[in-house]
Amino acid sequence: MKNICIENLGIAAAREKVRQLISSGFEGEIKVILPKERYSPRELVFDRSDCPEACRVEYVFHPGSVADGGITLSRENWLKPSGAAAELFREEVRDKIYMADLSAFGFSKESWGEVQAVGAYHTAAKYPDTPKGLNPQVFCGDLRMSCARYPNEGYAKIEAVMDVGEVSEFPSQNYFSDWKDKVSPRGGCYIMDPAMAQRVSQWKSKKNAWLFGYLFHDWADSSTPVELNSVNRQIFPKFVSLYGCRSGAKYYFYNVPEELDAPGEWYLDRDEAKLFFCPGEGDEISFACGDEPILTCRDTQNLTFTGLTLQNTAGDGIFCRGKSMTFKNLKITKTSGTGAVCIGENISVENCEVSLCGKGGVYVTGGERETLFPGNNSVTGCYIHDFAQVQRTYCPGAGLYGVGNKCIGNEICRAPHMAVGYSGNCHLIEDNYIHNTVTDSSDAGAIYSGRDWTAHGTVIRNNLIRDIGSDEFKPAGIYWDDGLSGQTATGNVLINVGAQGFLVGGGRENTVRDNLLVNCGCPMLLDDRNRDGFVHGGWAKHCVITKEGFMWKSLENVPYTSGVWAERFPKLAALVTDFSRPDDADFAPNPSYSVFEDNIVIGGGESYIADSVYTYSTVGENPVYSSWEEAGGVVKRFEPVLEMQKKRG
């Protein structure tokens, strides 16, 4: 095996040299050392022609090299609006507002189109006449700026609901069977309070206003354009809220020029290509509206990228579809999408800092469920923080999907919803320090997965999870939702978790053993929601009472009764699906064969364990102490996990 080093060439010339070596049949290691440069996303698109089969290529970027998907507007580009442009804004704040003419940088209204809906649960796809476009992103220094909004901080609250609209479900567990095929459902009508109506009455033009909020559940964010009648205090959403709306629901209005009045806000006149903003601290504004990833790898293999800063895109930082790819020591920041999306096998994201993401941090997808073949993708040693800033729910810092992927040794913090989300089988979540997440939702968890009796094999061990939730919201630490089964959690330390340390929602073959739970509102909540729904008509009945229920359908997705599945998970293969045997331990909805033992509880509230969990599973000794001092040497074995905070800090 030979080693070749390519130096003192720009990216284009270096890649051409690599391609020549590949085509000549070179076998060995190729290291490309690149000079300090500023790159555009067009220069960082790699495909099969860049990929060796017989060797490996590493691109090492000079410290300080930046790949930028946007433009930087320094103070010399800032103008003061005048004339008709100034008339857009309230007179008392005009002296705070600056403007940049984006047409001077080659932008026009075709660059972005119309405002796009955001949120995990928006319904814009139901409306075929909805124009497509992009939501540009604007930063002042390292602060994500907000599209001109009211209120400037926090949320207003819906006073009353006149009409929920043509929804999928309302109230909870009352489902409308025609929702799936409904096109352009009626949006409904909500009532704002008098103070908000007075504020809205002062807006000269209301036609471009949008609403963002959590209109029913605190885990379901969405947005919609609105029509407003301030006289009658009415809000008419164009896009119906999926789950309806309730009085007291949180919302704010945005894309309103009259509300450009606070540092850190911006407004884009889309027709005139003019960006207006109230700068925060800093002398530079960065603007991005292109949705292409900054680094793109399609059908690639055997490539490594080291040392580059990737920033400013209305899309994702990295998109990779390939195998045996490595991304290490990168800084990925200021995205409207996800920091990195990696699909394939043996893809590694190592020692990267990922921050200021509109969606999630790093997602890895790979493996084959039918055969349980592992993807062996990994997120290791990364610092992932300040993410889910635009879509605020179901955008984890680390996402594992498929079979056999890993999240190891990361610090994940400062986010409104989950830190780690996963689905599929046989993942490993280990040695992570997770803190200050799930600040905006109660029905959520720092580590979360759910709704699958066949999702066996994932191990969650030796993680430090602390300071989860906020004054307003009390979520879980580790949350196995709606019958999730076959999970193992050992050696984890959970400290200051607002509600449940563990929330195990009625699943089977789950093991929670040898964990330390300190000051958790409810150390362990172990319920039987699937059995309760089937036998007693409880709230989860829709998942299980007919073979069309979601949980039964999940069984059809994998060959759980044969082959490698039956060999690996024999109790799963023995599931009883006969509705005439509801008390059989093997009947799928029963919370059977789980083990909850040897967990140490210090302080906090009381655990809740459903009676049928005692019947069908093993609940052993889980000692409870009032203080660290009382626990004494019992907690000594958790010291390596507790030290993780010092190591990462």
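As a starting point, this report considers the structure included with it.

Thoughts on the overall build of the protein chain
- Along the protein chain, the regular secondary structure elements total 11 helices and 53 strands.
- For a compact globule of 649 residues, the expected C-alpha radius of gyration is about 26 Å, and the protein chain comes in at 26 Å, within 12% of that figure.
- The dimensions of the protein chain, computed from C-alpha atoms along their principal axes, are 75 × 75 × 55 Å.
- Evaluated residue by residue, the protein chain yields a buried proportion of 57% over its 649 residues.
- Taking as baseline every contact in the protein chain between residues at least 6 positions apart, the subset at least 24 positions apart corresponds to 67%.
- Here the protein chain displays about 25800 Å² of accessible surface, and carbon together with sulfur accounts for 48% of that area.
- Taking the average location of the 64 positive side-chain charges in the protein chain and that of its 84 negative ones, the two points are 3 Å from each other.

Examining the sheet that holds strand β22 (residues 284-288)
- Strand order in the open sheet made by the 4 strands is β7-β22-β9-β10, with antiparallel pairing throughout. Edge positions in the sheet fall to β7 (71-74) and β10 (143-144), since each of these pairs with one other strand and no more.

Re the sheet that holds strand β11 (residues 146-147)
- Taken in spatial order, the 4 strands of this open sheet run β8-β21-β20-β11, and their pairing is mixed. In this open sheet, the two strands that pair with only one neighbour each are β8 (98-101) and β11.

Quick look at the pattern of salt bridges
- Scanning all chains against the criterion turns up 34 salt bridges.
- One salt bridge connects R90 with E92, and the closest N-O pair in it is separated by 2.9 Å.
- The exposed category is assigned to E92, whose relative accessible area is 55%.
- Residues joined in a network through salt bridges with shared partners are R90, E92, R199, E259 and D261.

Thoughts on helix α2 (residues 194-201)
- What α2 keeps buried is the set M196, A197 and V200. What you see down the axis of α2 is that its buried residues fit within an arc of 100 degrees, all on one side.
- Packing partners of the buried residues in α2 comprise β12 (149-150), β13 (156-157), β17 (222-229) and β19 (250-254).
- Measuring from the backbone nitrogen of A195 back to the side-chain oxygen at the start of α2 gives 3.1 Å, which picks out D193 as the cap.

What about unusual backbone geometry?
- Cis geometry marks the peptide bond from Y150 to P151, where omega comes out at -5 degrees.
- In this structure, P151 sits in the loop between β12 and β13.
- Residue P171 is reached from F170 by a cis peptide bond, and omega for that bond is -15 degrees.
- One can find P171 in the loop between β14 (160-163) and β15 (189-191).
- Even without being a glycine, A273 presents a positive backbone phi close to 60 degrees.
- Mapping A273 onto the fold places it in the loop between β20 (265-269) and β21 (274-278).
- The phi dihedral of Y593 falls on the positive side, at around 65 degrees, and the residue is not glycine.
- Examined against the element boundaries, Y593 turns out to sit in the loop between α7 (570-573) and β49 (595-597).

Some points on the pairing of strand β9 (residues 137-140)
- Going residue by residue along β9, you find Q137 and F139 tucked away on one face and V138 and C140 tucked away on the opposite face as well.
- Judged from the 4 bridges that link them, β9 and β22 form a sheet pairing that is antiparallel. Following the sheet pairing, F139 is matched in β22 by S286.
- Pairing of β9 with β10, which is carried by 2 bridges, proceeds in the antiparallel orientation. Across the sheet, the residue bridging to C140 is L143, located in β10.
- In this structure, the hairpin formed by β9 and β10 is closed by a connection of 2 residues, where G141 is found at a positive phi of approximately 60 degrees.

Let's talk about the packing of aromatic side chains
- Enumeration over the complete set of coordinates arrives at 38 aromatic pairs.
- Ring centres of Y252 and Y254 lie 6.0 Å apart, and the angle between their planes is 65 degrees; this geometry places the pair in the edge-to-face category. Both residues of the pair, Y252 and Y254, count as buried.
- Where W552 meets F579, the ring centres are 5.2 Å apart and the plane angle is 45 degrees; that geometry is what we call tilted. Residue W552 is located in helix α5 (residues 550-555), and its partner F579 is located in the loop between α7 and β49; the two are separated by 27 residues in the primary sequence.

Things to note about the pairing of β21
- Taken across its 5 residues, β21 has 4 buried, putting it largely inside the fold.
- Note that β8 and β21 share 4 bridges and pair antiparallel. When the sheet's bridge partners are listed, M99 is paired in β21 with F276.
- Where β20 meets β21, 5 bridges bridge the pair, whose relative direction is antiparallel. Bridging across to β21, E265 finds its partner in C278.

Side note on the nonpolar core
- One finds Y59, F305 and F327 to be the most contacted residues of the largest nonpolar core, which totals 83 residues.
- Not counting the four nearest positions on each side in its chain, Y59 is found in contact with I11, R15, V18, V32, L34, F46, L303, T304, F305 and T306.

Considering the state of the cysteines
- Considering all chains together, one arrives at 0 disulfides under this definition.
- Left unpaired, C297 is separated from the closest cysteine sulfur, that of C320, by 5.0 Å.
- Accessibility expressed as a relative area gives 0% for C297, which makes it buried.
- Unpaired in terms of disulfides, C426 finds its nearest cysteine sulfur in C407, a separation of 16 Å.
- The buried category is assigned to C426, whose relative accessible area is 15%.

Cut-off values and rules
Residues numbered from 1 in each chain as written. Predicted model: local features only at pLDDT ≥ 70, side-chain atom pairs only at ≥ 80, totals over all residues. Heavy atoms only, no water. Helix = DSSP H or I, 4+ residues; strand = E, 2+ residues; numbered from the N terminus. Rg over C-alpha atoms; globule rule 2.2 N^0.38 Å. Buried < 20%, exposed > 50% of the residue type's maximum accessible area, 1.4 Å probe, protein only. Contact = heavy atoms within 4.5 Å. Areas by Shrake-Rupley, 256 points an atom, 1.4 Å probe, with all protein chains shown as cover. Lys, Arg positive; Asp, Glu negative; His and termini not counted. Charge placed at Lys NZ, Arg CZ, Asp CG, Glu CD. Pairing = 2+ DSSP bridges. Salt bridge = Lys/Arg side-chain N within 4 Å of Asp/Glu carboxyl O. Arc of directions from axis to C-beta. Polar contact = N/O pair within 3.5 Å; in protein donor to acceptor, adjacent residues only side chain to side chain. Phe/Tyr/Trp six-rings, centres within 6.5 Å; stacked < 30°, edge-to-face > 60°. Core = buried A, V, L, I, M, F, W, Y, C linked by side-chain atoms within 4.5 Å. Disulfide = S-S within 2.5 Å.

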